[in-house]
Amino acid sequence: MTRLTPEDLINIQEDIHICEQIIYEITDRKIIQLLENIYNIKYNGEKIGIIPITSGNGLIDNFSESLLKILRMFNMDSFITKRVDVSGYYEAIKKNADIILMADDSTFLAYNLKNMKISNNQIATGKIYSEILINSKNLNDKDILIIGAGNVGKPAIENFIKYNYNIYIYDLDESKIDDIIKKFPTIIKYNFNQNKKFSKIFEATPSENTIPESVLINGTIVSTPGIPRALSKTLETKYNIKLIMEPLGLGTLSMIYEIL
Ligand code: NAD
Ligand code: 2YG
Ligand code: MG
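Residues numbered from 1 in each chain as written. Chains lettered and ligands numbered in written order. Predicted model: local features only at pLDDT ≥ 70, side-chain atom pairs only at ≥ 80, totals over all residues. Heavy atoms only, no water.

Asker: Help me get a handle on the overall build of the chain, residues and values and all.
Answerer: Across its full length, the chain holds 9 helices and 11 strands. In terms of C-alpha radius of gyration, the chain reaches 18 Å, essentially the compact-globule figure of 18 Å for 260 residues. Overall, the chain is about 55 × 35 × 35 Å in size when its C-alpha atoms are taken along their principal axes. Counting the 260 residues in the chain, one finds 52% classified as buried. For the chain, contacts bridging at least 24 residues in sequence account for 60% of all contacts bridging at least 6. Carbon and sulfur atoms provide 50% of the accessible area of the chain, an area that totals close to 12400 Å². (Helix = DSSP H or I, 4+ residues; strand = E, 2+ residues; numbered from the N terminus. Rg over C-alpha atoms; globule rule 2.2 N^0.38 Å. Buried < 20%, exposed > 50% of the residue type's maximum accessible area, 1.4 Å probe, protein only. Contact = heavy atoms within 4.5 Å. Areas by Shrake-Rupley, 256 points an atom, 1.4 Å probe, with all protein chains shown as cover.)

Asker: Explain the site of ligand 2 to me, and be specific about the residues and the numbers.
Answerer: The full set close to ligand 2 counts 17 residues, and T2, L4, I53, A103 and P247 are the nearest of them. Within the backbone of L4, a nitrogen or oxygen atom sits 2.8 Å from an oxygen atom of ligand 2. Protein coverage of the free-state accessible area of ligand 2, which is 510 Å², stands at 94%. By residue class, the composition of the shell around ligand 2 is 12 nonpolar, 3 polar and 2 charged. (Near = heavy atom within 4 Å. Polar contact = N/O pair within 3.5 Å; in protein donor to acceptor, adjacent residues only side chain to side chain. Nonpolar A, V, L, I, M, F, W, Y, C, P; charged D, E, K, R; others polar.)

Asker: Tell me about the packing of aromatic side chains, and name the residues and values.
Answerer: Taken as a whole and assessed by the stated rule, the structure comprises 8 aromatic pairs. On the basis of an interplanar angle of 65° and a centroid distance of 4.7 Å, the ring pair of Y170 and F192 is categorised as edge-to-face. Of the two residues, Y170 is situated in strand 7 (residues 166-170) and F192 in the loop between strand 8 (188-189) and strand 9 (198-203); the sequence distance between them amounts to 22 residues. Given a relative accessible area of 24%, Y170 falls into the partly exposed group. F192 sits in the partly exposed class, given a relative accessible area of 24%. Taken together through their ring pairs, the aromatic side chains of Y168, Y170, Y190, F192 and F198 make up a single cluster. (Phe/Tyr/Trp six-rings, centres within 6.5 Å; stacked < 30°, edge-to-face > 60°.)

Asker: Tell me about the site of ligand 1, and please be specific about residues and values.
Answerer: Near ligand 1 lie 27 residues; those nearest to it are T2, Q122, V152, D171 and S207. S207 is positioned such that a nitrogen or oxygen atom in its side chain is 2.7 Å from a nitrogen atom of ligand 1. In isolation ligand 1 has 860 Å² of accessible area, and contact with the protein removes 89% of it. By residue number, the principal contributor to the shell around ligand 1 is helix 5 (residues 121-134), which donates 3 residues. Tallied by class, the residues present in the shell around ligand 1 amount to 12 nonpolar, 11 polar and 4 charged.

Asker: Kindly report on helix 6 (residues 153-162), identifying the contributing residues and their values.
Answerer: Burial in helix 6 covers these residues: G153, P155, A156, I157, N159 and F160. Looking at the buried side of helix 6, the elements it contacts are helix 5, strand 6 (143-147), strand 7, helix 7 (174-183) and strand 9. Looking one or two residues beyond helix 6, the residue adopting positive phi is N164, at roughly 55°.

This is the structure:
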């Protein structure tokens with residue numbers, strides 16, 4: 001997992017705004033409509049407390065503030081606790097939060113204090129970024145290339161399996177692919193010599209420029225939570241790629257909807 005930097009988050013509202021437009025172009029739905037469909041639930045004014053956590057490598061400047069911006073962009077009732085860690089948790093409960101959001105170096109979770117549902121950012125991120133491809137208007141092409149079969153990639157793979165996709169996967173770590181193929185034997189191990197092109201690509205790795213030109217066609221949809229960027233700007237422009245990529249928003253919204 002790549003640790004977010006304050007710089008990653010500088011344009012968070014603009015990044016989400018651009019994603020909103022591309023998602024609408026691809027699926028005919030706004031982000032919130034998509035989430036309501038995926039999780040079959042509507043947001044009903046639940047109050048969300050964001051708790052800054054200082055453990056391990058400490059606070060990321062802009063992290064809690066970015067979460068607040070994201071939630072408020074979608075009109076969710078939210079606040080950041082003034083205190084941190086355990087005292088912040090206490091404050092969130094005293095201020096009648098229904099849901100808390102908090103992250104240390106390895107886990108970013110949302111917990112619904114009323115119904116006791118919990119969500120994990122990696123799983124919720126894999127879900128929303130895969131659903132964008134699954135809900136694209138191009139329903140005929142059921143081939144998907146997945147690059148990166150880690151904690152975000154795996155829930156995405158399970159989702160594509162559910163929708164009967166022909167899944168091609170590539171990961172630097174071959175053992176990851178082998179483990180997945182043991183579980184889902186229909187999955188195909190992809191190597192870039194196969195020279196197959198894709199209209200849908202999912203990428204979740206911590207490496208840069210993992211998507212080579214050889215797999216692209218004009219208008220390929222690339223849904224990629226991976227940080228840093230998986231596709232060069234040159235290739236994005238050359239192939240008119242529909243690129244879904246932002247560092248925090250979609251995954252966070254997906255976490256909230258998962259536990260409503
Ligand atoms: P992970 O470490 O569990 O998995 C990453 C996988 O990528 C591993 O299997 C690794 O072998 C593989 N990999 C690394 N370099 C590769 C390369 N060059 N080519 C192919 N495979 C490669 O990490 P994760 O939790 O799945 O997160 C993946 C990325 O997504 C990270 O950058 C993380 O920060 C980011 N992330 C973004 C969001 C978001 O909201 N945008 C949310 C969660 C995670
Ligand atoms: O409260 C704080 O400011 C810090 N304790 C937050 C630490 C978050 C560390 N996690 C990451 O950087 C991310 N990879 C997880 C966020 C998912 C969205 N990319
Ligand atoms: Mg996200």
